[in-house]
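Below, each chain spelled out in residue letters.
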Amino acid sequence: MTSIAVPEHPWLLPGELVVPAEPDRARLRRTTRDWVVDSLAFLLSLLWVLYVTVDALSPNPQAATSLPYDWMVGADALIGLACCALLWLRRRWPLGLAVATLPLNLFSMAASIPLLIFYFTLVVHRRTAVAVAVTGVGLLTNLVFSWTRPDPNMPYWGTVTWGVVITLAVLAWGMFVRARRQLIVSLRDRAERAEAEQQLRVAQARHLERTRIAREMHDVLAHRISLLSLHAGALEFRPDAPSDEVARAAGVIRDSAHAALQDLREVIGVLRAEGDSGSDAPEPPQPTLADLPALIAESRAAGVRVNVSDSVIDAGKVPAALGRAAYRIVQEGLTNARKHAAGASVTVDVAGGPGTGLTVVISNRWPVGGLTGGELPGAGTGLVGITERVTLAGGRAAYGRDDSGDFRLAAWLPWPA
């Protein structure tokens, strides 16, 4: 889960660009920058109301023609002061304030600056269609205002033109500010999505790697337990065996059980680390093609007759991944032979070279009376896993009874030149 990035100096940004700690209620909170801007707008509007009121009471007004009655000047000043107070609410209700104060554009000179700020806030915080609609109504009120409060130093159409220019300038400025803020929000959302996707890819890669390790451990455990079962079965079949043979078989059972427990501990450690974000323990060294003799010797020590044919060219140059896959194929073939064809001889044929690929074939005689897999249960997914491993490596795999009736597991793996 991604954490929302907080700006280094959030007080320099508008409130809507600062990611709130509580999105459900903190959206309208002002930042330091908002307080400064709102205070300046309030002071500027107050100064404008004061200037217009004093100018309207003077014998020769400069801002607009004087009103016929003094109470109208006072009423206009009160309207301006009320609009100044409403400036503190403009961020919460930009559309409502702009629409409610539109009629004041027909006659009020003291409220012109606050009304212009209301309009700018509307353009920044609302859609362009809404801003254009309010702009159209504002241009119509500008025609009436230029007639009711004409400038003594400028003709009517000159006043109208200046009103249109100022309105369009505020519209363009507000649209630019809105577009810039939308761009910043969009870029921030993209960054957060990219971070979330990256963390998801890392989690998926970690999960796939742990699944692969657990699958490796499944093959190893099946091999260990089959050896243990084979030796235990020999002791059960020969209870009167010499003491030295019994001791040797018991030692092999003990070593196999210890190795199986160690492998099981590694599997449990991998699965328990599913939610751990820390560093994983180093993975133990994986077997290669050079470890095949030890695997064969281990099976022979358990009493399995294994015939090996090794005609690999440049065996020392076999890639690690290719050698590991070949080792697992032979391991699974020997395990299946011990499970389902106890006492049958097994033939292991490994051949190939760079450019031609690596061929691994494990075959054994079909036991008389059919398969005998009832004493040692299995998950039934070993051969399926081997087929999947070979397919992912770009090779081919097949298993089943051949024309002579023997069980045969054959795989071909690509070996680049």
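Located above this text is the structure these notes cover.
Our subject in this report is the structure included herewith. (Residues numbered from 1 in each chain as written. Predicted model: local features only at pLDDT ≥ 70, side-chain atom pairs only at ≥ 80, totals over all residues. Heavy atoms only, no water.)

1. Some details on the packing of aromatic side chains
In plain terms, the rule: Stacked, edge-to-face and tilted are the three classes for Phe, Tyr and Trp ring pairs, Trp counted by its six-membered ring, which pair at centre distances within 6.5 Å; planes under 30 degrees apart are stacked, over 60 edge-to-face, the rest tilted. Only DSSP runs of H or I with at least four residues qualify as helices, and only runs of E with at least two residues qualify as strands; both kinds are numbered from the N terminus onward. Only protein chains enter the accessibility calculation, which uses a 1.4 Å probe; a residue whose area is less than 20% of its type maximum is buried, one above 50% is exposed, and one in between is partly exposed.
Taken as a whole and assessed by the stated rule, the structure comprises five aromatic pairs. Ring geometry for F42 and W88: centres 5.6 Å apart, planes at 45°, overall tilted. Taken together, the residues F42 in helix α1 (residues 32-57) and W88 in the loop between α2 (70-86) and α3 (94-100) connect sequence positions 46 residues apart. Using a relative accessible area of 27% as the deciding quantity, one classes W88 as partly exposed.

2. Concerning the pairing of strand β4 (residues 396-401)
What counts here: Here, any two strands with at least 2 DSSP bridges between them count as paired.
Here β4 pairs with strand β5 (residues 407-413) via six bridges, running antiparallel. In the sheet register, Y399 faces β5, and the bridge partner there is L409. Between β4 and β5, which pair antiparallel in sequence order, lie five residues; one of them, G405, sits at a positive phi of approximately 95°.

3. A closer look at a nonpolar patch on the surface
Here is the rule: Like-charged residues are merged into a patch within 9 Å and nonpolar side chains (Val, Leu, Ile, Met, Phe, Trp, Tyr) within 5 Å, provided each residue has over 30% relative accessible area and no salt bridge. Residue-level accessible areas treat just the shown protein chains as cover; the underlying method is Shrake-Rupley with a 1.4 Å probe. Salt-bridge detection follows one rule: a side-chain nitrogen of Lys or Arg within 4 Å of a carboxyl oxygen of Asp or Glu.
Where nonpolar side chains cluster on the molecular surface, the patch consists of L106, F107, L140, L143, V144, W147, Y156 and W157 and spans about 830 Å² of accessible area. Only α5 (128-148) and α6 (156-237) provide two or more residues apiece to the nonpolar patch. When residues in the nonpolar patch are grouped by element, the largest group, four residues, is from α5. Positionally, W147 belongs in helix α5. Judged by its relative accessible area of 65%, W147 is exposed.

4. So, the pattern of salt bridges
Tallied over the full model, the rule gives five salt bridges. Two residues, R365 and D406, come together in a salt bridge whose shortest N-O distance is 3.3 Å. One end of the pair, R365, is in the loop between β3 (357-364) and α10 (382-392); the other, D406, is in the loop between β4 and β5, with 41 residues separating them in the sequence. For D406, a relative accessible area of 13% corresponds to the buried category. The network of salt bridges with common partners includes R33, D34, D38, R90 and R91.

5. Re the layout of surface pockets
Convention followed: Both site types are read off a 1 Å grid over the protein atoms alone. A 1.4 Å probe that fits but cannot get out defines a cavity, while an open set with protein on both sides within 12 Å along at least five of seven lines defines a pocket; lining residues have an atom within 4 Å of a point. Grid points are joined across faces, edges and corners, and a volume is the space filled by probe spheres set on the points. Residues were grouped as follows: Ala, Val, Leu, Ile, Met, Phe, Trp, Tyr, Cys and Pro as nonpolar; Asp, Glu, Lys and Arg as charged; and all remaining residues, including Gly, as polar.
Size it by volume and the largest pocket reaches roughly 760 Å³. Forming the walls of the largest pocket are 33 residues, and the residues nearest its centre are S112, N142, F145, G163 and I166. Taken together, the elements giving at least two residues each to the lining of the largest pocket come down to α4 (112-125), α5 and α6. A class-by-class count of the residues in the lining of the largest pocket yields 18 nonpolar, 13 polar and two charged.

6. Quick look at the sheet that holds β3
Formally: Throughout, an axis means a line fitted to C-alpha atoms (over the contacting stretch in the case of helices), and angles, computed between N-to-C directions, take values from 0 to 180 degrees. Pairs of residues are marked as contacts when any of their non-hydrogen atoms sit within 4.5 Å.
With mixed pairing, five strands are arranged side by side in an open sheet as β1-β2-β3-β5-β4. Sheet topology places β1 (306-312) and β4 at the edges, where each strand pairs with a single neighbour. Between one strand and the next, the sheet's axes are offset by a mean angle of 5°, whatever the strand orientation. Note: β1 against strand β2 (residues 346-353), seven bridges, orientation parallel. The partner of V306 across the bridge, within β2, is V346. On top of the sheet, helix α8 (residues 292-301) reaches β1 and β2; it is set at about 170° to β1, its chief contact. Relative to β3, helix α9 (residues 320-340) is tilted by about 5°, and along the sheet it contacts β1, β2, β3 and β5.

7. A word on the nonpolar core
So the rule is basically this: Only buried residues count toward a nonpolar core, which is a set of Ala, Val, Leu, Ile, Met, Phe, Trp, Tyr and Cys residues joined through side-chain atoms within 4.5 Å.
Of all hydrophobic cores here, the largest spans 30 residues; its most connected members are I329, V330 and V348. At the level of secondary structure, the elements contributing two or more residues to this core comprise α8, β1, α9, β2, β3, α10 and β5. Broken down by element, the residue count for this core peaks at eight residues, all from α9. Residues in contact with I329, not counting those within four places in the same chain, are V360, I362, I386, V390, L409, A411 and L413. Core analysis: the next-biggest nonpolar cluster, separate from the first, contains twelve residues, L102, F120, L122 and V124 among them.

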